[in-house]
Amino acid sequence: MTTVWDYIWIVQLLPVAGFLAQALFGQRIIAMFGPAMGRRICGAMAVVPIALAFVIGVFVFYKLTELAPDQRVQISTWFNWIDLQTLRVPFELRVDPLSLTMVLIVTGVGALIHLYATGYMATDRDYPRFFTYLNLFIAFMLMLVLGNNLALVFIGWEGVGLCSYLLIGYWYHDIANAKAANKAFIVNRIGDWGFVLGIFLIYVTFASSQAIVGDEARLLSFDVILPLAEKVLPTFGPAVVAAVPILLFIGAMGKSAQFPLYLWLPDAMAGPTPVSALIHAATMVTAGVYLVTRCHVFFELSPIAMLVVACVGAFTAIFAATVAFGQTDIKKVLAYSTVSQLGYMFLACGVGAFYAGMFHVTTHAFFKALLFLGSGAVIVAMAHEQDMRRYGALRKYLPITHGTMLIGWIAIAGIPPLAGFFSKDDILGKTFASSHYWTEHGWLVDPKILYAIGLITAFMTAMYMTRMFWLTFLGKEERWRESAAGVSDEHAHHEAHVHHPHAHAEHEDTHGFFLSDDEVLERERAEHEAEHHDVLTPDHQPKEVVPSMWLPLVALAALSIVGGLVLSGGYPFSELLHWDTQHLFRDWNAIAAAPTLLPAAEMFHADHMTEWILIGSSVLAAILGIGVMAFQHRLGIPKSDREITGLKRIMGAQWGFDGAMYKTFVDFGGRFSQGFYRWFDKGVIDGLFVNGSAWTVQSFGKLFRKAQTGYVRSYALTMLLGVVVILSYVIWKTNR
Amino acid sequence: MGSSGLHPAAIDWMALGPLIGVCLTGVVAMVLEMWRPRMNNNGIVGVCIVGLLVSGFLVIANWNRPGGESFGADYSEANGAVGNLGLFINDRLGQVIQLLIVGITLVTVLFSEGYLREKRLPFGEYYPLVLWSAAGGMVMATTRDLLIFFLGLETLSIALYVLAGLSSKERRSQEAALKYFLLGAFASSFLLYGIALIYGATGTTHLSGIAAIANTQPESIATFSVLYAGIGLVLVGFAFKVALVPFHMWTPDVYQGAPTSVVGFMAAGVKVAAFAAMLRFIDVIVFTSSVWITVLAALAAVTMTIGNLIALAQKDAKRILAYSSIAHAGYILVAVVAYGASKSGPYEPLGQSTVAYYLAMYGFMTLGAFAVLSLTGRDGKEGSTLEDYYGLYRSAPFPAAMFIVFMASLAGIPLTGGFLGKFLIFRDALSVDMLWLALLLGVNSVISVAYYLRIVQAVCTEEPGVVRSRFAPVNAGLFTACAVCAFLLIAGFVAADPLFDWMGLSAPGASVVAGLPGR
Amino acid sequence: MEGVPLSAYLALGAVLFAIGGLGVILKRNPIIIFMCIELMLNAANLTFLAFSRYHDAPLRGTIPMEHTYMNGQMAVVFVMAVAAAEVAVGLGIIMAIFRMRETVDIDEMSGMRG
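Residues numbered from 1 in each chain as written. Chains lettered and ligands numbered in written order. Predicted model: local features only at pLDDT ≥ 70, side-chain atom pairs only at ≥ 80, totals over all residues.

Enquirer: What am I meant to see in the overall build of chain B here?
Expert: Secondary structure assignment for chain B yields 19 helices and 2 strands. Buried residues in chain B amount to 67% of all 519 residues. Relative to all contacts within chain B whose residues are 6 or more apart in sequence, the contacts with residues 24 or more apart total 79%. (Helix = DSSP H or I, 4+ residues; strand = E, 2+ residues; numbered from the N terminus. Buried ≥ 20, exposed ≤ 12 C-beta atoms within 10 Å, placed from the backbone. Contact = placed C-beta atoms within 7 Å.)

Enquirer: Hey, could you run me through the overall build of chain C in this one?
Expert: The secondary structure content of chain C amounts to 3 helices and 0 strands. Tracing chain C from N to C terminus, the helices and strands come up as α-α-α. Taken across its 114 residues, chain C has 39% of its residues classed as buried. The long-range fraction of contacts in chain C, counting pairs at least 24 apart against all pairs at least 6 apart in sequence, stands at 54%.

Enquirer: Would you mind going over the interface of chain C and chain A with me for this structure?
Expert: The extent of an interface is frequently quoted as the accessible surface area lost upon association of the parts. Across the contact, 11 residues belong to chain C and 10 residues belong to chain A. Residue composition of the side of chain C that touches chain A, grouped by class: 5 nonpolar, 4 polar and 2 charged. (Nonpolar A, V, L, I, M, F, W, Y, C, P; charged D, E, K, R; others polar.)

Enquirer: When you look at the pairing of strand β2 (residues 88–95) of chain A in this model, what are you seeing that I'm missing?
Expert: On a regular strand, each side chain points to the face opposite its neighbour's, so the side chains alternate between the two faces of the sheet. Residues and elements named next belong to chain A. Along β2, 7 of the 8 residues are buried, which leaves the element largely enclosed by surrounding structure. The pairing of strand β1 (residues 74–83) with β2 spans 7 bridges and is classified as antiparallel. In the strand pairing of β2, Ser 76 is matched with Leu 93. In sequence, β1 turns back onto β2 through a hairpin of 4 residues. (Pairing = 2+ DSSP bridges.)

Enquirer: Looking at this structure, how should I read the interface of chain B and chain C?
Expert: With 47 residues of chain B in contact, the opposing surface of chain C contributes 41 residues. Looking at the side of chain B that touches chain C, the elements that each hand over two or more residues are α5 (146–164), α6 (171–202), α7 (207–216) and α9 (250–257) of chain B. Among the elements that take part in the side of chain B that touches chain C, α6 of chain B stands out by supplying 20 residues, more than any other. Each residue belonging to the side of chain B that touches chain C can be placed in one class, and the counts come to 24 nonpolar, 17 polar and 6 charged.

Enquirer: I would appreciate a short explanation of the environment of Arg 713 of chain A in the present structure.
Expert: Take Arg 713 of chain A: it is sitting in helix α31 (residues 712–734). According to the C-beta neighbour criterion, Arg 713 of chain A is partly exposed, with 18 such atoms within 10 Å. Sequence-distant contacts of Arg 713 of chain A, defined by excluding residues within four places in its chain, comprise Ile 25 and Ile 106 of chain C.

Enquirer: Help me understand helix α12 (residues 317–344) of chain B in this model?
Expert: Every α-helix carries 3.6 residues per turn, so stepping three or four residues along brings you back to the same face. Taking 1.5 Å as the rise per residue, α12 of chain B with 28 residues should run 40 Å; its terminal C-alpha atoms sit 40 Å apart, in good agreement. Where burial is concerned, most of α12 of chain B is hidden: 25 out of the 28 residues are buried. (Expected span 1.5 Å × (residues − 1).)

Enquirer: Can you help me understand the nonpolar core in this one?
Expert: Side chains that are nonpolar tend, in soluble globular proteins, to be buried together. Within the largest apolar cluster, 263 residues are counted, with the highest numbers of intra-cluster contacts made by Ala 273, Phe 275, Ile 332, Val 334, Val 336 and Cys 485 of chain B. When residues of this core are assigned to their parent elements, the largest contribution, 20 residues, is made by α6 of chain B. Beyond its immediate stretch of four places on either side in the chain, Val 336 of chain B contacts Phe 275, Met 278, Leu 279, Ile 282, Leu 296 and Val 355 of chain B. Val 89, Val 297, Ala 413 and Trp 550 of chain A belong to the second-largest nonpolar core, a separate cluster that totals 220 residues. (Core = buried A, V, L, I, M, F, W, Y, C linked by C-beta atoms within 7 Å.)

Enquirer: So what exactly am I meant to see when it comes to the pairing of strand β2 (residues 84–90) of chain B here?
Expert: Residue and element names in this part refer to chain B. Within β2, 6 of the 7 residues are buried, which leaves the element mostly enclosed by the surrounding structure. Pairing between strand β1 (residues 68–74) and β2: 6 bridges, direction antiparallel. Bridge pairing links Gly 72 to Gly 86 in β2.

Enquirer: I keep staring at helix α19 (residues 496–503) of chain B and nothing clicks. Help me out?
Expert: All names here are of chain B. Every buried residue belonging to α19 is among Leu 499, Phe 500 and Met 503, and all of these are buried. All buried residues of α19 project into a common sector of 95° when viewed along the axis, lining one side. Opposite its buried face, α19 presents the exposed residues Pro 498, Asp 501 and Trp 502, each directed more than 90 degrees away. Those residues of α19 that are buried are in contact with α3 (92–118), α13 (353–373) and α18 (476–494). Where α19 ends, the next residue or the one after it, Gly 504, has phi of about 65°, a positive value. (Arc of directions from axis to C-beta.)

Enquirer: Would you mind going over the packing of helix α16 (residues 417–431) of chain B against helix α17 (residues 435–460) of chain B with me for this structure?
Expert: How two helices sit against one another is set out by the angle between their axes and by the gap between those axes. Residues and elements named next belong to chain B. Running from N to C, α16 and α17 point in directions that differ by 160°, and their axes come no closer than 7 Å. Here α17 runs roughly antiparallel to α16, going by the angle between their axes. For the element pair α16 and α17, the recorded crossing hand is left-handed. Judged by residue contacts, Lys 422, Ile 425, Phe 426, Ala 429 and Leu 430 of α16 engage Leu 435, Leu 437, Ala 438, Leu 441, Gly 442 and Ser 445 from α17. Its residues assigned to classes, the contact of α16 with α17 shows 8 nonpolar, 2 polar and 1 charged. (Axes fitted to C-alpha atoms, helices over the stretch in contact; angles between N-to-C directions. Parallel < 35°, antiparallel > 145°, perpendicular 65-115°, else oblique. Left-handed = near helix turned anticlockwise from the far one by under 90°.)

Enquirer: How do you make sense of the confidence of the model for chain B when you look at a structure like this?
Expert: Close reading of the predicted structure is inappropriate where its pLDDT is low. Residues and elements named next belong to chain B. Residue-level pLDDT values for chain B average 89, and 93% of them are 70 or greater. No element of chain B has a lower mean pLDDT than β1, which averages 80, and none a higher one than helix α4 (residues 126–141), which averages 96. Residue range residues 512–519 is modelled with pLDDT below 50. Its contacts to residues more than four positions away, or to other chains, number 8 contacts. (pLDDT = per-residue confidence, 0-100.)

Enquirer: Looking at this structure, I do not really get unusual backbone geometry. What am I missing?
Expert: Pro 260 of chain A follows Phe 259 of chain A through a cis peptide bond whose omega is 0°. On the secondary structure map, Pro 260 of chain A appears in the loop between α8 (238–255) and α9 (264–267). The phi dihedral of Ala 257 of chain A falls on the positive side, at around 55°, and the residue is not glycine. With respect to the element layout, Ala 257 of chain A can be found in the loop between α8 and α9. Ala 257 of chain A gets classed as buried once you count the C-beta atoms within 10 Å, which come to 31. Phi at Ala 243 of chain B is positive, roughly 65°, even though this residue is not glycine.

Enquirer: Teacher, can you tell me more about the packing of helix α5 (residues 150–168) of chain A against helix α6 (residues 175–207) of chain A here?
Expert: All names here are of chain A. Remark: α5 packs on α6, axes separated minimally by 9 Å, with the N-to-C direction vectors making an angle of 170°. It follows from the interaxial angle that α5 and α6 lie roughly antiparallel. Here α5 contributes Leu 150, Phe 154, Trp 157, Gly 161, Ser 164, Tyr 165 and Ile 168 to the contact with α6, which in turn contributes Asn 177, Ala 180, Ala 181, Ala 184, Phe 185, Asn 188, Phe 195, Ile 199 and Ile 202. Looking at the contact of α5 with α6 residue by residue, the classes come out as 12 nonpolar, 4 polar and no charged.

And the structure:
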């Protein structure tokens, strides 16, 4: 029977359809309709399914709010995928507040970023390929968040990993991009190893438990395992209780770029900027937070796992924040900021405030997508130069970008009433408040320490974001007009280039939204020649980007302004929208999907005085951070930024972590493996076992082959001998 | 007469329909051959295709008709121990095998014409001979009387002797024909002598006689010795036709020398027919003594191993496939042995479905492979060494791609029917406690991958300066033949469940493919 | 009927069969080899006939005598027809070879081996 919940399949299948259409017909459409019109059609083919999916998602969400709070888990099953006696894995999607929140983020922000990408990639040669990957990514991401069992989640998990790999290496002609893609893929494998082991462990424990009877062979489905986790897991002892969540968390660490598996995310910035915004900021990297929230029951059973999550989160947050100071690449700053914010989310999960983590996922999706897209606009306007030290005073050239980025900046810094403030303050407040509960439950680290780290991180976030914003938009110096040598050695080669005939500034955007065929072709050629590294010349005139690019910026800016307020049910929105709850997330979103085992009400209890002090201190941290940086930059770019030296240099190099990892695993590990390969693989395995046995077998073949003499009479003789042997054996055997 | 209880012979012309269809098509093709315009066989090919389609349709029309034996003496009312001695049996196994032979013949006809033209063998007689050979195979598969079986076998063989020597200007073809003929006749004489001895021991050439004698168990040792000798000699006849070691010696030489399209038909059709008949033979002989299972298991083991080992040392693609077909005969024999053992031993009875399925898959993968190999026939010449296939992928991408599918199936790589077939054989062998045979099958499968890969490698090798015209152009017939074979192999894997249901040869109550990984 | 026992016929058949088999292995001329095969077929025929004439119903009447009798005689007729067909084809092949090579030594026909 079809119910309204089955519409969720439409949401799931729309991006698949978009992917197929794009993959099968994209190139043909461009060939048929010409480069400009064809691209418009392809772009529409990419954007429309996602937007449509968003609309249907909103509809399903609305239907879900009409149900009573305890009814808000609906499952829509399509068919049985794996059907064994001991394991059934159907293709089933789960409609509940948590999954729908993610769906709306993925499709909503996703649609905006798709739209942006139609402008950003307008001159790329492989236009359909880009959108093929992008739609495929959305499809897998939806599978990840909608799947009602770990198997489907895993398909989505690996699928988004694949798409991430494909998109990071999208400009694969550049070996650095290909290497970055590989790095992302390989580092993610480490996380996936944990995730897969976690799935196996869950299956093994639940399969061998007596608690599950009857139809419930769906041993990987959330609606079966989550309610039973409390009963089943403790019977296997504390080690298993701790191992399941920690293994799952290792998976989450890989995908959500937590220390020490964060290494891939900064490199992932090699992909096109819309990809960074969509995959490496707004959606895919939050999959780890989603997974932890989805499986929160497993975590809640084990205080140790919670401690690990909280500590890793807090440490990642502050670590990445320090690294962000040393970056000169605008996208790298945002990348480390993402890592840091993800740390916040895990901190929230670790102290048991899962809803706060999801809240931050949502607001972060708004403002981080905004910041990334804004940075993309800047990069386009600055002829694909990403070094902030060559920006400056861009506000008068890029008014819209500047305005929207300003909002993103304030939002992430945590100034009320913008989105970032609400979620970040929620996390910090809950961390502080849970101190009593967790110290009682055996935590060695007082959450108050984690709170302090979080607060310092908030301060630092405000600082480095201010630095980025200032270097880019404010100040008076237009630094790309200065001599290139004065800025940095690595850009000295720019001088060698004479004025590039296809420099970006020459193009007039007379068509507004769209380009003409000739323009597309010309720019495509120009970009191809420059291999996506147009040359920023001193006489460059930055230009505001096309509407298809700034419209998403405006939309996201609006969301960044009101998102936090609306979603936390702040006045007057709660009255206006007639929601049955004050705080959309706290009251029924993430947690209602499976009842929490923690005494949420009492463990997060704090009196009003404390709450106001906490709020005050986070606001203060934000303002202080902005102030300090503004003061430092008031006279233009500081010396420590011109030449990255001293502490900034160390921080910029991730405190040497990346280098150490590289030395240990790639250099040393590589040499070790080489040696092992030479000695064991080539010598023993290949030489003795493989080639040896092959040689033996082959020799037998050659030997037997000799019997095939080619003479009919010898063939007949062989047959005759065969007859004699068989008959003698039979007669002897039967006459005994 | 009255005292014997002989009933008037039941005459079931409808059941004979497919057989008559194929024979008549052959006759019509022969007549057309006399009328045809010079060197143009298109009309004959058309008639053959239509005739075969009609015959296939007639098989399907018989599908759900009540089976049973006809065209013979029916003693079942007078003497239950003997039963119906009809010469023709209309049962599901026979229908499946008939359909299979018709299909194989159809595919052969499809790709033959292009090859024959390229090879400058414009003989219209080719088609009637193929059809009559197929008819002989159909007779073999649908009789339980050894004498009729012998007639079918000879019809099949004599046509093939001629076909093997069709390229009469070519030394290799002549040599193949002579070897095949002499050794075939030699094996036939063993078979015939065996039939005579069985006849002597039981009083009839019908298999029911053996069943009856096994049931009534007369005390005479002499009778049994004669019977066993007879059965042994008949098995030798089978062993020759399906190429079991040590009766396989003709195979590589004949496969190498005979025209490729003939080899394709020979490898697929003959094996199918002979194994089907063997299955019927096994059905009765296992009740006489357990020694047959031992003998056949040993033959299977030796055949698989020797076939694969020698294949490794080959440099000629057709020879490799010849040894591969020997090895496959060993695999199928494992299934036959498991079937026989399950019937006579304390095991759950197995169906004939594994053998039928593997025969179907084997038939089409081998036929497809030879169809692609026939592309080297060009301007009256043909090379079949591995070097001769260099660059095939470049010049004929679609057949080459299909060739990879065929090789994957022969090697037993998943997503192809060959894999599922081997898996089922493996499982059948385990279910009758023949672990050693199952393991040997596994080891042999692994070995076999090596030489299949070598052919694939040759097909995909690009040799600088290869002349494209070395290969014949791909015509619609070959294209269709490859596509059909590959489709059947993959469909056989993907839609195995409905296929088994439709064949209806599984043991009652047994789920054939349930519990397979990934299903 | 009296005098010559069944075993004598069978022995003669077996001896003929063995001679034929040995001939196939020992002779070099394909025509002689084929004659030896004919000898083997005829040994089988002789066995058929002997059994059909002397059949003393080993199944104690399960297979009716007249069926047995007819079955053996029919077999011989069929086998003779088959043998004739084989001769036609076999001689055709041998002729074709002789025309091309002007020799019919069977050992020359060993171009394919291994």
